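Commentary on secondary and tertiary structure
Chain by chain, the residues:
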Amino acid sequence: MSFVYDFDEEEPVRSYQAELDSPYFTTNTKLHVLISGAGIAGLMLAILLEHLDISYEIVERCREMKPLGSVMCLNASVLPVFDQLGLTKEILAASKPIREFNFFRGSMKRLGQYSDHTAIERDGYERLVLSRPRLHEILMSKVPPEKIHMGKKVKALNQSEDGVGLRCTDKTEFYGDILVGADGAYSAIRQNLYFQLKQKGLLPEADTRAMSKGFVCLVGVTSALDPSFFQGIEEQYSSGSIMISDNSPYTLSEKESEEAQFRTSEWGPETSDKILGQVGNYKTPFGSLGDLIRATPRELISQVFLEDILYETWAHERVVLIGDACHKLLPNAGQGAVNAIQDAVILANCLYEIKPNPTHDNLVRALHTYRDERYSHVKTQHSSSQLSAKIQLGHNWGEKMLRYFILNILPKKMQMRQVVKDSAYSPLVAFLPHVPRRGYGTVLPQREWVQVDKI
Ligand SMILES: Cc1cc2nc3c(=O)[nH]c(=O)nc-3n(C[C@H](O)[C@H](O)[C@H](O)COP(=O)(O)OP(=O)(O)OC[C@H]3O[C@@H](n4cnc5c(N)ncnc54)[C@H](O)[C@@H]3O)c2cc1C
Ligand SMILES: *[C@@H]1O[C@H](CO)[C@@H](O)[C@H](O)[C@H]1NC(C)=O
Ligand SMILES: *[C@@H]1O[C@H](CO)[C@@H](O)[C@H](O)[C@H]1NC(C)=O
């Protein structure tokens, strides 16, 4: 197997002939899974494979995981999975329930509220917020450290009837039966796979587009705050505050925007001081934004470029994509984590089915089954994330009207009808005991997962 494609531009393209004596190609009775990326998606899959007793290893670019700050939302669509894994206690200890989102003008005049106080009775779970670094840490602690190769940046992949291999920038190579690209929005696995598919004329037109233009966004997690200054933070329930400035939004010129997109093409702490300085006077329910920025360690502030794209191709032969690698959603509804976790659950269920008989054909079929199971759900999420972006961030006349309508005119009953409809999808891990349904709301029936017979 050789790797002809090097997509890092700083190094010249060269061909590399790899050793072919990997054990996976000769025995081929036991599955071995390669995972690129130790984010929420990759770690969740690793934990599931651990329970499934399928061997795997993770290849992660970072030398050590830096706790980049932002907030994640978990809800009844994924919390039953944490129950199944016995992680609920830890998650609850690290999070706060959230029931209300308040909307304000830049002057702090209230625009309205979105609230849902019935989740606990309806779904059996509160909606939870927790810091992304903390969630990451909890998941990481469940994966044996020797199964994560840190400081290995994946650069090229190749696959054949017999297996799949990947090669890192330091020229180390890894081999397995399946390769899972869990390496985020700028996935090296996706870029490699699409490059190869395009050369063969197999890449759908839709997957050749660039990401759409988006928003520049600052995210951060403050240190513990002084409750005498920041009032309300000790309440049992957390709440969201959305401030929408009255004047034109803070906009970047076309050139600045392109620069920001280029510079923050990865989530990272390379925040521009210029933006930090310019938003310091913005008001929040907790004093000025500057007060919050000052309470936040600099390395826990990231500038991110929010984009929005749903790819069509998620699997080809032995390679499959999960999480942000195949769908980057606008994060205002907290969909990132929920969808990454659901992807991992469904992929693990598909691997469970073929585990007794992991032939090439069965493997390829399993990866396509995963895509078929997930795609329509993610497509729905994609549309709803665009709608919530309009409601939460929109500045034009139509978007303002829409926001007014949703917050002040739309009957609560109708709003809730949609919430109930959306919350019905809550896939469980097929190979762990199912948790009993705790709320009164209806859930979609679980798909039946059946293991193929051993030959
Ligand atoms: C700093 C940060 C802040 C975020 N803030 C929010 C938010 O506020 N709201 C929200 O909904 N979502 C947010 N997200 C996105 C959210 O975390 C993801 O949607 C979700 O975690 C699923 O991500 P993932 O595991 O698919 O990818 P990621 O979390 O991006 O993880 C990908 C992993 O792959 C590694 N990797 C990348 N390239 C390579 C390579 N070539 N070789 C090896 N490893 C590689 C990365 O280092 C990373 O560890 C944020 C993500 C980050 C990183
Ligand atoms: C994959 O390996 C084969 C066999 O060595 C080689 O012919 C082919 O060009 C390689 N493809 C890529 C995309 O690296
Ligand atoms: C959980 O969050 C996701 C993403 O925002 C949403 O689509 C889903 O409906 C939510 N589930 C519940 C039970 O509220």
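In the block above lies the structure referred to throughout.
So, how was this worked out
Residues numbered from 1 in each chain as written. Chains lettered and ligands numbered in written order. Predicted model: local features only at pLDDT ≥ 70, side-chain atom pairs only at ≥ 80, totals over all residues. Heavy atoms only, no water. Helix = DSSP H or I, 4+ residues; strand = E, 2+ residues; numbered from the N terminus. Buried < 20%, exposed > 50% of the residue type's maximum accessible area, 1.4 Å probe, protein only. Contact = heavy atoms within 4.5 Å. Areas by Shrake-Rupley, 256 points an atom, 1.4 Å probe, with all protein chains shown as cover. 1 Å grid on protein atoms, 1.4 Å probe; cavity = no way out; pocket = protein on both sides within 12 Å on 5 of 7 lines; lining within 4 Å. Points joined across faces, edges and corners; volume = space filled by probe spheres on them. Nonpolar A, V, L, I, M, F, W, Y, C, P; charged D, E, K, R; others polar. Axes fitted to C-alpha atoms, helices over the stretch in contact; angles between N-to-C directions. Parallel < 35°, antiparallel > 145°, perpendicular 65-115°, else oblique. Pairing = 2+ DSSP bridges. Phe/Tyr/Trp six-rings, centres within 6.5 Å; stacked < 30°, edge-to-face > 60°. Lys NZ or Arg CZ within 6 Å of the ring centre and 35° of its normal. Near = heavy atom within 4 Å. Polar contact = N/O pair within 3.5 Å; in protein donor to acceptor, adjacent residues only side chain to side chain. Salt bridge = Lys/Arg side-chain N within 4 Å of Asp/Glu carboxyl O. Core = buried A, V, L, I, M, F, W, Y, C linked by side-chain atoms within 4.5 Å.

So, the overall build of the protein
Along the protein, the regular secondary structure elements total 14 helices and 22 strands. A total of 455 residues make up the protein; the buried ones form 52% of that total. Contacts spanning at least 24 positions in sequence make up 76% of the contacts within the protein whose residues lie at least 6 apart. For the protein, the accessible area works out to roughly 21,900 Å², and carbon and sulfur atoms hold 54% of it.

A few points about unusual backbone geometry
In this structure, lysine 171 is a non-glycine residue whose phi angle is positive, near 75°. Relative to the helices and strands, lysine 171 is located in the loop between β11 (164-168) and β12 (173-176). Of the residues examined, lysine 171 reaches a relative accessible area of 40% and is grouped as partly exposed. Residues other than glycine seldom take positive phi values, yet glutamate 317 does so here, at roughly 50°. Within the element layout of this structure, glutamate 317 appears in the loop between β20 (315-316) and β21 (319-321).

What to know about the layout of surface pockets
Rolled over the atoms, a probe with the dimensions of a water molecule shows which regions are left empty. When its volume is computed, the second largest pocket comes out at roughly 240 Å³. Residue lining of the second largest pocket: Arg105, Arg110, Leu111, Ile244, Ser245, Asp246, Lys400, Arg403, Tyr404, Leu407 and Asn408, and that is the complete set. Secondary structure elements with two or more residues in the lining of the second largest pocket: β7 (110-115) and α13 (397-409). Ranked by residue count, the leading element in the lining of the second largest pocket is α13, at five residues. Residues belonging to the lining of the second largest pocket are distributed by class as follows: four nonpolar, two polar and five charged.

Topic: the packing of helix α12 (residues 360-393) against α13
The N-to-C vectors of α12 and α13 enclose an angle of 95°; their axes lie 8 Å apart at closest approach. Taken together, the axes of α12 and α13 lie roughly perpendicular to each other. Contacts between α12 and α13 involve Leu387, Lys390, Ile391, Gln392 and Leu393 from the former and Glu399, Leu402, Arg403 and Ile406 from the latter.

Things to note about the sheet that holds strand β9 (residues 148-149)
Adjacent strands of a sheet pair through backbone hydrogen bonds, lying either parallel or antiparallel. As summarised here, the arrangement of the six strands in space is β9-β4-β3-β13-β21-β20, forming an open sheet in which the pairing is mixed. The sheet terminates laterally at β9 and β20, the two strands that pair on one side only. Lying on the sheet, α12 is in contact with β13 (178-181), β20 and β21; it crosses β21 at an angle near 15°.

Details of the packing of aromatic side chains
Inspection of every chain in the model, using the stated rule, returns six aromatic pairs. Centre to centre, the rings of phenylalanine 229 and phenylalanine 230 are 4.9 Å apart; their planes meet at 85°, and the pair counts as edge-to-face. Residue phenylalanine 230 is classed as buried on the basis of its relative accessible area of 6%. On the numbers, 5.8 Å between centres and 45° between planes, the contact of tryptophan 314 with tyrosine 370 is tilted. Here tyrosine 370 lies in helix α12 and tryptophan 314 lies in the loop between β19 (309-310) and β20, a separation of 56 residues in the sequence. Like tyrosine 370, tryptophan 314 is buried. By way of ring pairs, the aromatic residues Trp314, Tyr370 and Tyr375 are connected into one cluster. Between the NZ or CZ atom of arginine 371 and the centre of the ring of tryptophan 314, over which it lies, the distance is 6.0 Å. The positively charged end of arginine 447 is found above the aromatic ring belonging to tryptophan 449, 4.3 Å away from the centroid.

Topic: the site of ligand 1
In the region of ligand 1, 29 residues are neighbours, and Glu60, Ser70, Arg132, Val154 and Asp324 sit closest. Separating an oxygen atom of ligand 1 from a side-chain N or O atom of arginine 61 is a distance of 3.0 Å. Measuring from an oxygen atom of ligand 1, one finds a side-chain N or O atom of aspartate 324 at 2.7 Å. Taken by itself ligand 1 offers 960 Å² of open surface, and the protein chains cover 93% of this. Of all the elements in the fold, those that place two or more residues in the shell around ligand 1 are α2 (40-52), β5 (71-74) and α11 (335-354). A per-class count over the shell around ligand 1 returns 15 nonpolar, seven polar and seven charged.

Here we look at the pattern of salt bridges
Two side chains that carry opposite charge are able to pair once their charged atoms sit near each other. All chains considered together, the criterion is met by 13 salt bridges. The closest approach of N and O atoms between glutamate 126 and arginine 99, which form a salt bridge, is 2.6 Å. Placement of the pair is glutamate 126 in the loop between α5 (119-123) and β8 (128-131) and arginine 99 in strand β6 (residues 96-105), with a sequence separation of 27 residues. Each member of the pair, glutamate 126 as well as arginine 99, is classed as buried.

Some words on the pairing of β7
Judged from the five bridges that link them, β6 and β7 form a sheet pairing that is antiparallel. Bridge pairing in β7 places glutamate 100 opposite serine 115. From the end of β6 to the start of β7, which pair antiparallel, there are four residues, and methionine 108 there has a positive phi angle of about 75°.

What about the nonpolar core?
Ranked by size, the top nonpolar core spans 88 residues in total, and within it Ile35, Leu74 and Phe82 carry the most contacts. Of all the elements, α11 adds the most residues to this core, at 13 residues.

Let's talk about the environment of glutamine 335
Structurally, glutamine 335 can be placed in helix α11. When its relative accessible area of 6% is taken as the criterion, glutamine 335 is described as buried. For the pair glutamine 335 and valine 378, spaced 43 residues apart in sequence, the C-alpha to C-alpha distance is 9.5 Å. The residues contacting glutamine 335, other than those within four sequence positions of it, are Leu329, Leu330, Gln381, Ser384 and Ser385.

Comments concerning the pairing of β8
Each regular strand carries side chains that alternate between the two faces of the sheet. Direction of pairing for β5 relative to β8: antiparallel, over a ladder of four bridges. Residue pairing in the sheet places leucine 74 in a bridge with leucine 128 of β8. With two bridges joining them, β6 and β8 adopt antiparallel strand pairing. Among the inter-strand pairings, lysine 96 is bridged to a residue of β8, identified as valine 129.

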